[in-house]
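# Chain and residue survey
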Amino acid sequence: MPEPVFAVTRLRADESDVPSLLIAVNELLALLRQRHGFRDGAVGRAADEPGLLALWTTWDGVGAYRRALGATEVKIAGAPVWLHAVDEPGVYLTD
């Protein structure tokens, strides 16, 4: 059985872009929720930095996560979100 994983993607945007980014992230989450192996997910804003957000999701395994991101509709919905992604590792095995 695959080892569960969680993914965290930090997103940085100008404060004025945050409302539209939140809409895009929630649309992406709605699609991810339909993918096989998705467990849970949410988006939140940093308490001390208004333009910093975090998208987190949990998955049955890294394979389910990668397959979900490879789906055409996820790539399309994710494009305006990933544009704001901070370049850093984001997928972690659970202990």
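Structure first, text after, so check above.
Notes on the structure follow. What you see is a predicted model; the values in this text were computed from it and never measured. (Residues numbered from 1 in each chain as written. Predicted model: local features only at pLDDT ≥ 70, side-chain atom pairs only at ≥ 80, totals over all residues. Heavy atoms only, no water.)

### Quick word on helix H2 (residues 62-70)
Count 3.6 residues to each turn of an α-helix, and residues three or four apart come out pointing the same way. Among all positions of H2, only Ala64, Tyr65 and Ala68 are buried. Looking down the long axis of H2, one finds its buried residues gathered within 100° of arc, a one-sided arrangement. Turned more than 90 degrees off the buried face of H2, the exposed positions are Arg66 and Arg67. For H2, the elements touching its buried residues are strand S1 (5-12), helix H1 (18-32), strand S3 (52-59), helix H3 (72-82) and strand S4 (91-93). (Buried < 20%, exposed > 50% of the residue type's maximum accessible area, 1.4 Å probe, protein only. Helix = DSSP H or I, 4+ residues; strand = E, 2+ residues; numbered from the N terminus. Arc of directions from axis to C-beta. Contact = heavy atoms within 4.5 Å.)

### Details of the environment of glutamate 49
Along the chain, glutamate 49 turns up in the loop between strand S2 (38-45) and S3. Between the C-alpha atoms of glutamate 49 and glutamate 15, which are 34 residues apart in sequence, the distance is 9.2 Å. Here arginine 12 takes part through its side chain, which lies 2.4 Å from a polar atom of the side chain of glutamate 49. (Polar contact = N/O pair within 3.5 Å; in protein donor to acceptor, adjacent residues only side chain to side chain.)

### Thoughts on H3
Every buried residue of H3 is accounted for by Val74, Ala77, Gly78 and Val81. For H3, the angular spread of the buried residues around the axis is 100°, confining them to a single face. Turned more than 90 degrees from where H3 packs its buried face, Thr72, Lys75 and Ile76 sit exposed. For H3, the elements touching its buried residues are S1, H1 and H2.

### Quick word on the pattern of salt bridges
In total, this model carries four salt bridges according to the counting rule given. Across the salt bridge formed by glutamate 88 and arginine 10, the nearest N and O atoms sit 2.7 Å from each other. Highlighted residues: glutamate 88 in the loop between H3 and S4 and arginine 10 in strand S1, separated in sequence by 78 residues. The residue arginine 39 makes a salt bridge to aspartate 60 at a minimum N-O spacing of 2.7 Å. Here arginine 39 is found in strand S2, whereas its partner aspartate 60 is found in the loop between S3 and H2, with 21 residues between them in sequence. When its relative accessible area of 31% is taken as the criterion, aspartate 60 is described as partly exposed. (Salt bridge = Lys/Arg side-chain N within 4 Å of Asp/Glu carboxyl O.)

The quantities given are spatial measurements derived from coordinates; they are silent on function.
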